[in-house]
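In case you want the letters, here they are:
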Amino acid sequence: MVPTPLTVRAPAKVNLHLGVGDVRPDGFHELVTVFQALSLHDDVTLVPSDALSLHVTGEGARDVPTDPTNLAARAVVALAERYGRDPNMRIDIAKGIPVAGGMAGGSADAAAALLGAATLWGLEIGRDELDEVAATLGSDVPFSLHGHTALGTGRGERLIPALARGEFHWTLALAREGLSTPAVYRELDRLREAGDPPRAGSPDALLAAVASGDPHRLAPLLANDLQAAALSLQPGLRRTLRAGMEAGALAGIVSGSGPTCAFLCASADDAVDVGTELAGAGVCRTVRVASGPVPGATVVP
Ligand SMILES: C[C@](O)(CO)[C@H](O)COP(=O)(O)OP(=O)(O)OC[C@H]1O[C@@H](n2ccc(N)nc2=O)[C@H](O)[C@@H]1O
Ligand SMILES: Nc1ncnc2c1ncn2[C@@H]1O[C@H](COP(=O)(O)OP(=O)(O)OP(=O)(O)O)[C@@H](O)[C@H]1O
């Protein structure tokens, strides 16, 4: 019998609040973050085969490894080892999430591959067990599995779902060059050694604003401790942030470790208008509009 392929869709994320604490002995920083999953996604299709192979198409595909270091392949191998299964399969990744953009693209693929392989193999495991494997693959992978809006602590892998009312509208400015996540964390450490860049503080007011569903209330509360470091490594992002505000966004922020800039808008129409102006201003490679929150990794019927 020819095996039937299975497709799993997984979302991008933006950190509405990213408070970075001290470096831990294991080299990770202690975080307090509020994630939101956005309607920009990757589709990962799995089909059992006689070898493990990877094929990547779409947004930034050229920069994605097709060897065993790919996070989707690592996810399948980790799950196969833990549950004694055969990891050989063909993995097709259709990328919609910018690569090295601070939007958890690789993490989305890992989450999709985990859910896909567990489904294909008929593993009777709970979300807790999947979360455990997810956290070994990357700090953002558990959130990519869960989606919606969540408070993340630890290195970002410990999640508590957060209440969100309604839909928030975003314009995303994708950059020409990516940024390496460890390099951005290192740059923040360097900036903190040299001075005292402002810290995000408590996310309580922001969580209340998300629960209210009012983008005008949320806008002034968006905060990202990694933004200063991303701007230090890519100073041109200041122009992008300024251009988004001039185009009518309610607020603009570097997404996670950057360099994607995320602009919160008052409506879906405003998000399109902001995107059109940003594209015309030549301050980014390309633009996307998206809304959130959306669910985490989901099997496509
Ligand atoms: C910037 C964020 O996207 C915000 O959600 C995440 O913190 C990064 O998550 P990720 O890409 O899944 O990162 P991981 O693969 O777990 O870690 C990559 C590297 O980022 C740095 N890192 C990551 C998470 C964290 N809490 N502290 C860190 O210092 C470490 O140098 C680590 O070696
Ligand atoms: N499936 C994958 N998709 C994209 N990049 C991958 C994948 N697997 C491994 N990588 C590697 O991971 C690096 C970071 O890519 P990714 O798109 O996950 O960054 P990111 O969105 O900035 O991550 P995050 O927001 O979680 O910090 C890439 O430069 C690439 O070499």
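Residues numbered from 1 in each chain as written. Chains lettered and ligands numbered in written order. Predicted model: local features only at pLDDT ≥ 70, side-chain atom pairs only at ≥ 80, totals over all residues. Heavy atoms only, no water.

**Points about the overall build of the chain**
Here is step 1: When its secondary structure is counted, the chain shows 10 helices and 12 strands.
Here is step 2: For 301 residues, the compact-globule estimate of 2.2 N^0.38 gives 19 Å, and the chain sits close to it at 19 Å.
Here is step 3: In terms of overall dimensions, the chain has a C-alpha envelope of 60 × 45 × 35 Å along the principal axes.
Here is step 4: Within the chain, the fraction of its 301 residues that count as buried is 51%. (Helix = DSSP H or I, 4+ residues; strand = E, 2+ residues; numbered from the N terminus. Rg over C-alpha atoms; globule rule 2.2 N^0.38 Å. Buried < 20%, exposed > 50% of the residue type's maximum accessible area, 1.4 Å probe, protein only.)

**Concerning the pairing of strand β9 (residues 251-254)**
Here is step 1: Judged from the four bridges that link them, β9 and strand β10 (residues 261-265) form a sheet pairing that is antiparallel. When the bridges of β10 are listed, Gly252 appears paired with Phe263.
Here is step 2: Counting the residues between successive antiparallel strands, the hairpin from β9 to β10 contains six residues, one of them, Gly256, with a positive phi of roughly 55°. (Pairing = 2+ DSSP bridges.)

**As for the packing of helix α2 (residues 105-120) against helix α3 (residues 127-137)**
Here is step 1: Their axes nearest at 10 Å, the elements α2 and α3 cross at an angle of 140°. Of the possible angle classes, the one that applies to α2 and α3 is oblique. α3 is crossed by α2, and the crossing has right-handed handedness. Residues Ala110, Leu114, Leu115 and Ala118 of α2 form the contact with α3, whose own contacting residues are Arg127, Leu130, Val133, Ala134 and Leu137.
Here is step 2: Class assignment of the residues belonging to the contact of α2 with α3 gives a composition of eight nonpolar, no polar and one charged. (Axes fitted to C-alpha atoms, helices over the stretch in contact; angles between N-to-C directions. Parallel < 35°, antiparallel > 145°, perpendicular 65-115°, else oblique. Left-handed = near helix turned anticlockwise from the far one by under 90°. Contact = heavy atoms within 4.5 Å. Nonpolar A, V, L, I, M, F, W, Y, C, P; charged D, E, K, R; others polar.)

**Remarks on the sheet that holds strand β7 (residues 168-174)**
Here is step 1: Taken together, four strands build an open sheet; the order of strands is β9-β10-β7-β11 and the sheet is antiparallel. One side of each edge strand has no neighbouring strand; the edge strands of this open sheet are β9 and β11 (286-292). Adjacent strand axes in the sheet meet at a mean angle of 25°, parallel and antiparallel pairs treated alike.
Here is step 2: Relative to β10, helix α9 (residues 237-246) is tilted by about 10°, and along the sheet it contacts β7, β9 and β10.

**With respect to the site of ligand 1**
Here is step 1: The environment of ligand 1 is made up of 17 residues, and the closest members are Lys13, His29, Ser139, Asp140 and Tyr185.
Here is step 2: The contact in question runs from an oxygen atom of ligand 1 to an N or O atom on the side chain of Ser139, over 2.6 Å.
Here is step 3: Asp140 is positioned such that a nitrogen or oxygen atom in its side chain is 2.6 Å from an oxygen atom of ligand 1.
Here is step 4: Surface burial for ligand 1 is 81%, taken as the share of its 640 Å² of free accessible area covered by protein chains.
Here is step 5: Comparing atom positions with the cavity grids shows ligand 1 to sit within the largest pocket.
Here is step 6: Contributing elements (two or more residues each) for the shell around ligand 1: β1 (6-23), β2 (29-48) and α5 (181-194).
Here is step 7: In the shell around ligand 1, the residues fall into six nonpolar, eight polar and three charged.
Here is step 8: There are two domains that each give the shell around ligand 1 at least three residues, and those are domain 1 (6-163) and domain 2 (168-292). (Near = heavy atom within 4 Å. Polar contact = N/O pair within 3.5 Å; in protein donor to acceptor, adjacent residues only side chain to side chain. Areas by Shrake-Rupley, 256 points an atom, 1.4 Å probe, with all protein chains shown as cover. 1 Å grid on protein atoms, 1.4 Å probe; cavity = no way out; pocket = protein on both sides within 12 Å on 5 of 7 lines; lining within 4 Å. Sits in = over half its atoms within 2 Å of the grid points. Domains from an automatic or database assignment.)

**A few points about the UniProt feature "binding site: ATP" (unreviewed entry) in the chain**
Here is step 1: In this structure's numbering, the residues bearing the UniProt feature "binding site: ATP" (unreviewed entry) are Pro98, Val99, Ala100, Gly101, Gly102, Met103, Ala104, Gly105, Gly106, Ser107 and Ala108. Here the residues from the annotation list that line the largest pocket are Pro98, Val99, Ala100, Gly101, Gly102, Met103, Ala104, Gly105, Gly106 and Ser107.
Here is step 2: Examined against the element boundaries, Ala100 turns out to sit in the loop between β4 (89-95) and α2.
Here is step 3: Judged by relative accessible area, which is 42%, Ala100 ranks as partly exposed.
Here is step 4: Excluding residues that lie within four positions of it along the chain, Ala100 makes contacts with Gly178, Leu179, Gly258 and Pro259.
Here is step 5: With respect to the secondary-structure elements, Gly102 resides in the loop between β4 and α2.
Here is step 6: Judged by its relative accessible area of 12%, Gly102 falls in the buried class.
Here is step 7: Aside from chain neighbours lying at most four places away, what touches Gly102 is Lys13, Ser255, Gly256, Ser257 and Gly258. (UniProt positions renumbered as here; feature names shortened; annotations may be inferred.)

**Looking at the layout of surface pockets**
Here is step 1: Here the largest pocket defines a volume of roughly 1100 Å³.
Here is step 2: Taken together, 48 residues line the largest pocket, and the ones lying closest to its centre are Leu71, Ser107, Asp140, Thr181 and Pro182.
Here is step 3: Of all the secondary structure elements, the ones that give two or more residues to the lining of the largest pocket are β1, β2, α1 (71-83), α2, α3 and α5.
Here is step 4: Tallying contributions element by element places α5 first for the lining of the largest pocket, with five residues.
Here is step 5: By residue class, the composition of the lining of the largest pocket is 20 nonpolar, 19 polar and nine charged.
Here is step 6: There are two domains that each give the lining of the largest pocket at least three residues, and those are domain 1 (6-163) and domain 2 (168-292). (Points joined across faces, edges and corners; volume = space filled by probe spheres on them.)

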